[in-house]
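Here's the letter readout for the chains.
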There are 2 protein chains.
Amino acid sequence: MADNALILNGTMVADRIKEELTSRVEALKAKGIVPCLATILVGDDPSSATYVRMKGNACERLGIESRRIHLGAGTTTEELIAVIEQLNGDEDVHGILLQHPVPHHIDERAAFEAIAIGKDVDGVTMLGFAQNAFGQADYPSCTPAAIMAILDHYDLPIEGKHAVVVGRSPILGKPVSLMLLNRNATVTVCHSKTEGLAELVRQGDIVVAAVGKPAFIQGDWIKEGAVVLDAGYNKGNIGDVDYEACLAKASAVTPVPAGVGPVTIATLLKHTVDAAERRVFQP
Amino acid sequence: MADNALILNGTMVADRIKEELTSRVEALKAKGIVPCLATILVGDDPSSATYVRMKGNACERLGIESRRIHLGAGTTTEELIAVIEQLNGDEDVHGILLQHPVPHHIDERAAFEAIAIGKDVDGVTMLGFAQNAFGQADYPSCTPAAIMAILDHYDLPIEGKHAVVVGRSPILGKPVSLMLLNRNATVTVCHSKTEGLAELVRQGDIVVAAVGKPAFIQGDWIKEGAVVLDAGYNKGNIGDVDYEACLAKASAVTPVPAGVGPVTIATLLKHTVDAAERRVFQP
């Protein structure tokens, strides 16, 4: 398999998703509806600002309205929740994205929970999490959904495979584990307290890296022929996987950049269009 | 370790929980509050009738009021939900347990979701599931909570251990996996589509059997020294684990009966008392 790994082209997967959205956005506009995503950025973290800008720009390129709300670093939880509630009640807004992390003094969970479930296009509410865990979510968290979309785009089998997920965050490790489980993978969830991590990762037919540490997953941890999905995005465009070393072992791997990232954004756009359609067709 | 396994005495763990509840029930009664669990049985399934009766009787032995509602097999989803909503609004009822499974024509999920989160002492709602997944549930599902209580009662270490859960139901396999994960175990979830099940179970430092098949987990699947928790309860008082064979390998094991079952019921009582106290002390 050495150096023959299939590069899973996230940009291409994202383009396919966006292509399909174009006609749906036009159909909505013909009915007088402009799909609209409200993004909320709190404070001045440069990475967060970049992510929000990328999402807003991606909306606009597709004809989706981007309502960009930038709140000061001193915003209180109550003030943030008031903004979210206003957006909940605004009929012209179909999706709400609160960029995380928010500043430490804010109760992030309370803010997430304030988002109406019908506008929770990023799948951050508890109810959205549970719906996803039960295979019933309208809007699963975007990065986990992107990982599944990449597997499906390339017809990579999931059922009966052993998936090893490294990371257990509420918006990535946990939901992607449950999505893989619901698709009949056997799932192992590893994290910072895991003992014998290399041996466990080596069992994975599918490996999902969601650690947030650059090049943390080593090439010799990867089983020959495994499918590797790298959801990490660290400074200097480095993923959570030692990409070059991994290429020599894996059968398929997502690069960073142009892997999971663009599909995550495309998924967010798709959810926003889905939400707008639900408003029109199931009022 | 042969034949030296510690028998994890669920009856004793349950008695400890109930002992601690006695004085709390008395304190509530001194304030004029009688903790009350409403149980709803739909139809005439004899096992379900037995379970509900056991729960009701356990309440009464502890001085908790047992409001027993028995609905006919022909009850519709709407009728069931109406009953639940009445109980939600009844200030004298602190906990609501809908015995499952309900008859097939009823939308069980819709009925579960009708239970107010503050009275969901059996942890069956989606919101309750998510709160538990995030380590924030007032009332995690009773059987998963019972498994954790047994581990804790016997001071069996969880952090860094590899837990293998066989089963992925919404009220058992999934929530117990998330609880073990939140306690820093590395968790593998197996199920009917898992390939190489024996080899995977053999990795478990902690094995949770939640399959619903009598004596399904074989003794030679158990790693020497593993802790085995059997949440199964099949006809003829047989668990999901081949108990005798398992005794020879495990360091500790729950019997059936008198293992997880009584702790599950004690946990339900505890949640009901918790709910009554919340009503009094955090009105």
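Going by an unreviewed UniProt entry, chain A carries the name Bifunctional protein FolD and comes from Paenibacillus aurantiacus. Of chain A, the UniProt comment under Function (unreviewed entry) reads exactly: "Catalyzes the oxidation of 5,10-methylenetetrahydrofolate to 5,10-methenyltetrahydrofolate and then the hydrolysis of 5,10-methenyltetrahydrofolate to 10-formyltetrahydrofolate." What UniProt records for chain A under Sequence similarities (unreviewed entry) is the sentence "Belongs to the tetrahydrofolate dehydrogenase/cyclohydrolase family."

With that out of the way, let us pick up the UniProt feature "binding site: NADP(+)" (unreviewed entry) in chain A. Residues and elements named next belong to chain A. Feature annotation in UniProt assigns "binding site: NADP(+)" (unreviewed entry) to the following positions: Gly167, Arg168 and Ser169. When you line up the elements, glycine 167 lands in the loop between strand S5 (162-166) and helix H7 (173-182). In contact with glycine 167, not counting residues within four places along its chain, are Gly173, Val189, Cys190 and Ala210. With respect to the helices and strands, serine 169 occurs in the loop between S5 and H7. Discounting chain neighbours no more than four positions away, the residues touching serine 169 are Lys174 and Pro175.

This paragraph deals with the interface of chain A and chain B. Taken together, the contacts link 31 residues of chain A with 31 residues of chain B. Summed over both sides, the interface of chain A with chain B buries roughly 2700 Å², with 62% coming from carbon and sulfur. Contact with chain B buries surface across chain A, with Met126, Phe134 and Lys174 of chain A losing the most and accounting together for 23% of the total. Linking chain A to chain B there are 0 salt bridges. At the junction of chain A with chain B, the criterion picks out 16 residue pairs in polar contact (both at pLDDT 80 or more).

Okay, the relation of the copies chain A and chain B next. Two copies of the chain are present, and they differ by a rotation about an axis and a shift along that axis. When chain A is brought onto chain B, the operation consists of a screw motion whose angular component is 180° and whose axial shift is 0.0 Å, with 0.0 Å RMSD remaining. Within this description, the copies of the chain are treated as partners about a two-fold rotation axis. It is threonine 188 of chain A whose C-alpha, among those of chain A, lies nearest the rotation axis, at 2.0 Å. A share of 100% of interface residues in chain A that are also interface residues in chain B marks the association as one of identical surfaces.

On to the nonpolar core. Judged by nonpolar contacts, the single largest core of 114 residues is most densely connected at Leu180 of chain A together with Leu180 of chain B. The next biggest cluster of nonpolar side chains, apart from the first, holds 21 residues, and it includes Leu80, Ile96, Ala111 and Phe112 of chain A.

Residue and element names in this part refer to chain B. Direction vectors running N to C along helix H1 (residues 10-30) and helix H10 (residues 260-281) enclose 20°, while the axes themselves pass 9 Å from each other. Here H10 runs roughly parallel to H1, going by the angle between their axes. In terms of crossing hand, the pair formed by H1 and H10 is left-handed. Residue-level inspection shows Gly10, Thr11, Val13, Ala14, Ile17, Lys18, Leu21, Arg24, Val25 and Leu28 of H1 in contact with H10, the latter providing Pro262, Val263, Ala266, Leu269, Lys270, Val273, Asp274, Ala276, Glu277 and Val280. Residues belonging to the contact of H1 with H10 are distributed by class as follows: 13 nonpolar, 2 polar and 5 charged.

Among the 5 residues in strand S6 (residues 186-190) of chain A, 5 count as buried, and that is most of the element. Sheet topology places S5 of chain A next to S6 of chain A; 5 bridges connect them, and they run parallel. The residue of S6 of chain A that forms the bridge with valine 166 of chain A is cysteine 190 of chain A. In this fold, the crossover linking S5 of chain A to S6 of chain A by way of H7 of chain A has right-handed handedness. Judged from the 3 bridges that link them, S6 of chain A and strand S6 (residues 186-190) of chain B form a sheet pairing that is antiparallel. Bridging across to S6 of chain B, threonine 188 of chain A finds its partner in threonine 188 of chain B.

Criteria and cut-off values
Residues numbered from 1 in each chain as written. Chains lettered and ligands numbered in written order. Predicted model: local features only at pLDDT ≥ 70, side-chain atom pairs only at ≥ 80, totals over all residues. Heavy atoms only, no water. UniProt positions renumbered as here; feature names shortened; annotations may be inferred. Helix = DSSP H or I, 4+ residues; strand = E, 2+ residues; numbered from the N terminus. Contact = heavy atoms within 4.5 Å. Buried area = accessible area lost by both parts, 1.4 Å probe. Salt bridge = Lys/Arg side-chain N within 4 Å of Asp/Glu carboxyl O. Polar contact = N/O pair within 3.5 Å; in protein donor to acceptor, adjacent residues only side chain to side chain. Least-squares fit on C-alpha atoms with pLDDT ≥ 70 in both. Core = buried A, V, L, I, M, F, W, Y, C linked by side-chain atoms within 4.5 Å. Buried < 20%, exposed > 50% of the residue type's maximum accessible area, 1.4 Å probe, protein only. Axes fitted to C-alpha atoms, helices over the stretch in contact; angles between N-to-C directions. Parallel < 35°, antiparallel > 145°, perpendicular 65-115°, else oblique. Left-handed = near helix turned anticlockwise from the far one by under 90°. Nonpolar A, V, L, I, M, F, W, Y, C, P; charged D, E, K, R; others polar. Pairing = 2+ DSSP bridges. Right-handed = clockwise from strand over helix to strand, strands pointing away.

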